[in-house]
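Topology and contacts: notes
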Amino acid sequence: MTGLSRTMTDSSPKSLSLGVCLYNGLTCLDFQGVVENLCLLTKQQRARIMADAPGPEITPITYLADTLDPVKPGFSGEAGPRLMPDATYSETTQQFDILLIPGGVLGYPDAVPKSLLDFLKRQVPGVTYMLTVCTGSWVLSATGLLDERRATTNKSWFKKIAEATASHNIQWVPKARWVVDGKFWTASGVSAGMDMANSLVKELIGEEGARLVANDIEMHPRSPDDDEFAAVYGLA
């Protein structure tokens with residue numbers, strides 16, 4: 001495909017590494033929706049749908065967890081198949097370019113492993129893009145890295161999360177599919193992560209490339225302020 005416009009500079013990296021943070025009780029679509037967009041920037045997928053697209057490739061994705069034991073989605077594994085991590089938070093030495101924290105029924109600071117929070121504190125200063133979906137932003141807030149920043153989260157949990165994080169002075173945005181503040185990209189509930197991810201694809205490889213990705217997975221990306229759920233939950 002020709003005519004694809006570059007959004008990154010010529011000095012931008014030719015490849016970006018992506019790490020996905022797993023834990024028991026997560027929501028699979030929170031990370032899978034993002035991955036379905038970004039995995040189309042890997043070498044093989046690029047060759048299939050947009051061989052001439054500018055911008056970086058995504059290297060093979062790494063899935064991380066507290067241990068190498070299978071991860072159970074939902075309260076007791078009822079929300080999807082067991083997930084097999086590639087590496088543990090405590091043992092990995094790789095600095096990732098992109099990190100993703102999904103939300104879930106156990107996606108809050110007191111429920112996720114401490115090793116995940118420690119990993120984030122080590123990693124986030126060096127990442128280029130820090131992505132969260134749903135309550136993943138609540139998990140990230142526990143590290144202090146969202147302090148004084150704009151962010152959003154799942155609207156059904158919004159008031160509880162805003163109250164629980166009041167001491168961090170996070171500027172929680174009630175009406176937003178996703179919010180970008182510097183390297184921090186935070187999406188609302190579940191499917192909003194796909195909209196955020198396609199917007200990141202646009203930043204990485206251009207508008208036409210993002211359109212090709214969206215067409216390939218048959219999604220209709222929504223804008224960041226196209227959020228009716230804020231009204232549903234009495235937030236706007």
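Shown above is the structure to which this text applies.
Reference entry: report on the structure contained in this document. (Residues numbered from 1 in each chain as written. Predicted model: local features only at pLDDT ≥ 70, side-chain atom pairs only at ≥ 80, totals over all residues. Heavy atoms only, no water.)

Within the protein, the secondary structure is distributed over 8 helices and 11 strands. Scaling as 2.2 N^0.38, a compact globule of 236 residues should have a C-alpha radius of gyration of about 18 Å, and the protein matches this with 17 Å. When its C-alpha atoms are laid out on the principal axes, the protein stretches across 50 × 40 × 35 Å. Put simply, the protein has 236 residues, and 53% of those count as buried. For the protein, the exposed area adds up to about 10500 Å²; of that, 50% sits on carbon and sulfur atoms. (Helix = DSSP H or I, 4+ residues; strand = E, 2+ residues; numbered from the N terminus. Rg over C-alpha atoms; globule rule 2.2 N^0.38 Å. Buried < 20%, exposed > 50% of the residue type's maximum accessible area, 1.4 Å probe, protein only. Areas by Shrake-Rupley, 256 points an atom, 1.4 Å probe, with all protein chains shown as cover.)

This part takes up the sheet that holds strand β6 (residues 98–101). Across the sheet, which stays open at both edges, the 7 strands sit in the order β5-β4-β2-β6-β7-β11-β10 with mixed pairing between neighbours. Both outer strands of the open sheet, β5 (87–88) and β10 (178–181), are each paired with one neighbouring strand and no more. Of the strand pairs in this sheet, β10 and strand β11 (residues 184–187) are connected by 4 bridges, and their pairing is antiparallel. Bridge assignment links W178 to a residue of β11, and that residue is A187. Helix-sheet contacts for helix α3 (residues 114–123) involve β2 (18–21), β4 (62–65) and β6, and the interaxial angle to β6 is about 150°. (Pairing = 2+ DSSP bridges. Contact = heavy atoms within 4.5 Å. Axes fitted to C-alpha atoms, helices over the stretch in contact; angles between N-to-C directions.)

What follows concerns the side chain of T152. Note on placement: T152 falls in the loop between β8 (150–151) and α5 (158–164). With relative accessibility at 0%, the residue T152 sits in the buried group. Aside from chain neighbours lying at most four places away, what touches T152 is S137, F158, W172, V173, A176, R177, W178, V179, T186, A187 and S188.

The two faces of β6 match: I98 and L100 on one face and L99 and I101 on the other face are all buried. Where β2 and β6 come together, 3 bridges link them in parallel fashion. Note that in β6 the partner of G19 across the bridge is L99. Relative to strand β7 (residues 129–133), β6 is paired through 4 bridges, and the arrangement is parallel. For L100, the partnering residue across the bridge sits in β7 and is L131. The parallel pair β6 and β7, bridged by α3, forms a crossover whose chirality is right-handed. (Right-handed = clockwise from strand over helix to strand, strands pointing away.)

This part covers the nonpolar core. By size, the foremost hydrophobic cluster in this structure holds 68 residues, and its most contacted members are F31, L116, F119, L120 and L131. Looking at which element gives the most residues to this core, the answer is helix α6 (residues 192–205), with 7 residues. With residues near it in sequence (within four places) discarded, L120 still touches C21, L99, I101, P125, V139, L140, T143 and L145. (Core = buried A, V, L, I, M, F, W, Y, C linked by side-chain atoms within 4.5 Å.)

Below, the discussion takes up the pattern of salt bridges. Evaluation of the coordinates by the stated rule reveals 8 salt bridges. In this structure, R177 engages D195 in a salt bridge whose closest nitrogen and oxygen atoms are separated by 2.7 Å. Placement of R177 in the loop between β9 (171–172) and β10 and of D195 in helix α6 is noted, with a sequence separation of 18 residues between them. A single burial state applies to R177 and to D195, both of which are buried. R222 is the partner of D226 in a salt bridge, and the nearest nitrogen-oxygen pair spans 3.2 Å. By relative accessible area, which is 34% here, D226 ends up partly exposed. (Salt bridge = Lys/Arg side-chain N within 4 Å of Asp/Glu carboxyl O.)

With that out of the way, let us pick up the packing of aromatic side chains. Going through the model one piece at a time under the given rule, you end up with 6 aromatic pairs. Measuring from centroid to centroid gives 5.2 Å for Y89 and F119, while their planes differ by 40°, and the two rings are tilted. On the criterion of sequence distance, the pair formed by Y89 in the loop between β5 and β6 and F119 in helix α3 is long-range, its members being 30 residues apart. Taken together, the aromatic side chains of Y89, F96 and F119 make up a single cluster linked through ring pairs. (Phe/Tyr/Trp six-rings, centres within 6.5 Å; stacked < 30°, edge-to-face > 60°.)

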